[in-house]
Amino acid sequence: MSLITLPPLICAVLAAVLFKLWRAVVRVQFNSLRHLPGPESPSVLFGFAWQFWSADPTELHEEWVRLYGRTMSYRILSDICLFTMDTKALAHILTHDAVYQKPYAVRTFIAEMLGTGTLLSEGEQHRRQVSRQFLDNPAFGPLQIREFTGLFVKKACQLRDILSLEVAMHGSVAKVDLYNWLHRMSLDVICEAAFGYDIGTLNVEARSNELCDAFRLVAQSVTRMSLWPMLRFFFPILRIFPEEQSRRFAKARRVMGEFASIRIDEKKQEMEDNKSGKHVRRRRGDFLTLLVEANMGASLPEGQRLSDETIIDGRCAETTILVAGHDTTAITLSWFFYNIALYPEMQEKLRSELLSLPTDDPTTEELSSLHYLDCVLREVVRLYPVLPSSLRIATEDTVLPLGEPVQINGQTQDRILVGKGTPIVIPILAINRDKALWGEDAFEFKPERWDDLPEAVSSIPGIWANNLTFMGGQHACLGYKFSLNEAKVTVFTLLRAFEFELGLPAEDVGRTPTMLMRPMRLSDPDSGPQLPVLVRPYRRE
């Protein structure tokens, strides 16, 4: 760093820190949440900021629940945060998205990686985007998801053939990074499903793919958290100073945006050619085609149509689809194969069920009939959420109802005052394995639990399988059925062909301390997300 850039940087940091310190003193003194129980801050300046930035805070939250109760407060920088495991309160927060929105710092930090889009919009803008682009769009309906099953099978078979080649090259067993191949397969799937375009990342003879490299850059950007990224997250003003990670993200956004723009332009030309009477070969069925056709439908009122700018030039929304549609599925599948590799008896039981179907090309209905597959997938989704927690912020002074009253100044309260600007933690993983809801075996991986669930889990306000992994309310995951169906097809195809064993000690497998919980080697965190496994061909006796 040169002497020319150092003084302004120091001044900006000091100004931001002093401003936050002044706000901390004022806001703490007048915040009603200070009367809630909670832990003492370890730092006068940062509170618990570093603890939450450097690692997943779930275990810390769970310890605090034991000590202070299920609704508490603690400080991060100048903000007193509200944490609650109260499912009535969480349901209220998730269903009142106009009041409880993603914090500005979170939205801008994600936008630095992906650009803006449906995932980052809030309030009325989000409801309009969701309604027009997705909920009223047949692309996410049951019929279209069923039609995508053929695509899932095709890509899963490609991956099966690649693994077969790896085994043949190494003899009877091959050691592969399964996360890498699942990441490639899911990117192929979402590009073809979203744009009708085969990106070819599963082509072993293809040259390095710039788009795949861009996604890998986002996926592997940070595996060890440091102080400077934390400061840039909590103090957005510091993002005006360029640094290497920001430049890499900017390049990745450019590559993903250019890809989306080209595909959208092709779709626009396709629509214009059809209007002019030209006969063109159309790639029907992808999200973009269905979106454009639905938006141009005669039954749609003019005032509800999306503008050309939103559809044609809205590259950020399409980029968001690419990221959300592939990386989350790859991560879920990685943890699925991790667990069946960890538990051989479970793997064999599941394989026996899969082999009971006399086909290599299952329908959606046939996949739905595989009960044990569904139970194992539900358990993976419960214990390995891609996002361990989320944040909301109150946009106005409001009252939060509680199902479990708290003691405040010696009085029992069934509601608490939440001031404007209060951050609220949504504890996804903590709720998913809460012993008060799931029982004493909540931390154990037990697919059999889904045959006899505790009644208490019905209060969890999630959109699927009594957990918060896919969230709930307006910000629930739009493509969760797509992702689940893709996961089932992949497991069905690979597990019928191979036996899987961990390629490293189980205690060396950990979760990246980044926003998304990808698998990694604890002994080699600098190598980024990975899941080494041993693959052997399965031979029926």
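Residues numbered from 1 in each chain as written. Predicted model: local features only at pLDDT ≥ 70, side-chain atom pairs only at ≥ 80, totals over all residues. Heavy atoms only, no water.

## Quick word on the overall build of the chain
Applied cut-off: Note on conventions: DSSP H or I runs of at least 4 residues are helices, E runs of at least 2 residues are strands, and numbering of each starts at the N terminus. Partly exposed describes any residue whose relative accessible area lies between the buried limit of under 20% and the exposed limit of over 50%, with all areas from a 1.4 Å probe on protein chains only and scaled to the type maximum. In what follows, a contact means two residues having at least one pair of non-hydrogen atoms within 4.5 Å. Note that accessible areas follow from Shrake-Rupley with a 1.4 Å probe, and for residues the cover is restricted to the protein chains shown.
When helices and strands are counted, the chain shows 21 helices and 12 strands. Out of the 541 residues in the chain, the part that is buried amounts to 55%. Long-range pairs, those at least 24 residues apart, make up 73% of the contacts in the chain with a sequence separation of at least 6. About 24,100 Å² of surface is accessible on the chain, with carbon and sulfur atoms providing 55% of the total.

## Focus: the environment of E486
When you line up the elements, E486 lands in helix α21 (residues 480-495). On the accessibility criterion, E486 (1% relative accessible area) is buried. A C-alpha to C-alpha distance of 7.3 Å links E486 and T149, two positions 337 residues apart in sequence. Beyond its immediate stretch of four places on either side in the chain, E486 contacts F152, M185, S186, V189 and T329.

## Notes on the side chain of H92
Note on placement: H92 falls in helix α4 (residues 87-95). When sequence neighbours within four positions are dropped, the list of residues in contact with H92 reads Y100, V399, L400 and P401.

## Remarks on the nonpolar core
For soluble globular proteins, the rule of thumb is that nonpolar side chains tend to be buried together. We apply this condition: By nonpolar core we mean a set of buried residues, namely Ala, Val, Leu, Ile, Met, Phe, Trp, Tyr and Cys, connected to one another through side-chain atoms within 4.5 Å.
Formed by 134 residues in total, the largest nonpolar core has its most connected members in Y74, I416 and F500. The element contributing the most residues to this core is helix α9 (residues 178-195), with 12 residues. The residues touching F500, leaving out its near neighbours within four places in the chain, are L178, F337, A341, Q347, L494, L495, V533, L534 and V535.

## A closer look at the pairing of strand β1 (residues 71-76)
The condition that has to hold: A pair of strands is considered paired only if DSSP assigns at least 2 bridges between the two.
Taken across its six residues, β1 has six buried, putting it largely inside the fold. Across the two faces of β1 the burial is the same, with T71, S73 and R75 and M72, Y74 and I76 all buried. Bridge analysis of β1 against strand β2 (residues 79-84) gives six bridges, and the strand direction is antiparallel. When the sheet's bridge partners are listed, S73 is paired in β2 with L82. Between β1 and β2, which pair antiparallel one after the other, the connecting turn spans two residues, and L77 there sits at a positive phi close to 55°.

## Points about the sheet that holds strand β8 (residues 423-426)
Adjacent strands of a sheet pair through backbone hydrogen bonds, lying either parallel or antiparallel. Going by this rule: Axis lines are fitted through C-alpha atoms, for helices just across the contact stretch, and the angle between N-to-C directions can take any value from 0 to 180 degrees.
Taken in spatial order, the five strands make up an open sheet running β1-β2-β8-β5-β3, and their pairing is mixed. Each edge of the sheet is formed by a strand with only one pairing partner; in this case those strands are β1 and β3 (100-101). Here four bridges tie strand β5 (residues 390-394) to β8, and the two strands are oriented antiparallel to one another. Bridging from a neighbouring strand, S390 pairs with I426 of β8. Packed onto the sheet, α4 meets β2, β3, β5 and β8 and runs at close to 110° relative to β8.

## Description of the pairing of strand β9 (residues 498-502)
By the alternation rule, side chains of β9 split into F498, F500 and L502, which are all buried, and E499 and E501, of which none is buried. Two strands pair when backbone bridges link them, and β9 and strand β12 (residues 532-537) are joined in this way by five bridges, in the antiparallel orientation. Opposite E499, over in β12, you have R536 as the bridge partner.

## Description of the layout of surface pockets
Counted only if it meets this: A 1.4 Å probe that fits but cannot get out identifies a cavity on a 1 Å grid over protein atoms alone, an open set with protein on both sides within 12 Å along at least five of seven lines counts as a pocket, and a residue lines either if it has an atom within 4 Å of a point. Grid points are joined across faces, edges and corners, and a volume is the space filled by probe spheres set on the points. Each residue gets one of three labels, nonpolar for Ala, Val, Leu, Ile, Met, Phe, Trp, Tyr, Cys and Pro, charged for Asp, Glu, Lys and Arg, and polar for the others, Gly among them.
Empty space within the second largest pocket amounts to approximately 410 Å³. Taken together, 20 residues make up the lining of the second largest pocket; nearest its centre are E59, L429, R433, R511 and M517. Secondary-structure elements contributing two or more residues to the lining of the second largest pocket are α15 (315-342) and β10 (509-511). For the lining of the second largest pocket, the element with the most residues is α15, which contributes four residues. Class assignment of the residues belonging to the lining of the second largest pocket gives a composition of 13 nonpolar, three polar and four charged.

## Describing the packing of aromatic side chains
Put simply, the rule reads: Centres within 6.5 Å are what make two rings of Phe, Tyr or Trp a pair, Trp counting through its six-membered ring; a difference in plane orientation under 30 degrees is then read as stacked, over 60 as edge-to-face, and the rest as tilted. Geometrically, a lysine NZ or arginine CZ counts as sitting over a ring once it is within 6 Å of the ring centre and also within 35 degrees of the ring normal.
Scanning all chains against the criterion turns up 18 aromatic pairs. Put simply, the rings of F48, F52, W64 and Y74 pair up and form one aromatic cluster. It is R382 that lies over the ring of W438; its NZ or CZ is 5.0 Å from the centre. For the cation-ring pair, R511 lies above W335, with the distance from its terminal atom to the ring centre recorded as 5.7 Å.

## Section: empty space enclosed by the protein
Applying the stated rule across the entire model yields three cavities of 30 Å³ or more. Approximately 30 Å³ is the volume attributed to the second largest cavity. As for the second largest cavity, its lining consists of I93, L94, D97, Y100, R392, G472, Q474 and H475. Among the residues forming the lining of the second largest cavity, the class breakdown is three nonpolar, three polar and two charged.

## Comments concerning helix α16 (residues 344-355)
Put simply, the test is: Each residue after the first adds 1.5 Å to the expected span of a helix.
Over its 12 residues, α16 extends 16 Å from the first C-alpha to the last, a length consistent with the 16 Å expected when each residue adds 1.5 Å. The set of residues buried in α16 consists of M346, Q347, L350, R351, E353, L354 and L355.

## Overview of α4
Let me state the cut-off plainly: Whenever two N or O atoms come within 3.5 Å, that pair is a polar contact, provided that in protein one can donate a hydrogen and the other can accept it, and provided that, for residues adjacent in sequence, both atoms are side-chain atoms.
Buried residues of α4: T87, A89, L90, H92, I93 and L94, and no others. The residue sitting at the N-terminus of α4 and contributing the capping side-chain oxygen is D86; that oxygen lies 2.9 Å from the backbone nitrogen of K88.

## Topic: the confidence of the model for the chain
Applied cut-off: Each residue gets a pLDDT score, which is the predictor's confidence in that residue and runs from 0 to 100.
Per-chain confidence: the chain averages 82 in pLDDT, with 77% of residues scoring 70 or above. Within the model, pLDDT remains below 50 along residues 118-122, and this stretch shows 24 contacts once partners closer than five positions in the same chain are excluded.

## Focus on unusual backbone geometry
A positive phi angle, close to 55°, is found at A465, a residue other than glycine. By secondary structure assignment, the location of A465 is in the loop between α20 (435-438) and α21. Relative accessible area serves as the criterion here: at 9%, A465 is assigned to the buried category. Although it is not a glycine, N466 adopts a positive phi angle of roughly 50°. By the secondary structure assignment, N466 is in the loop between α20 and α21.

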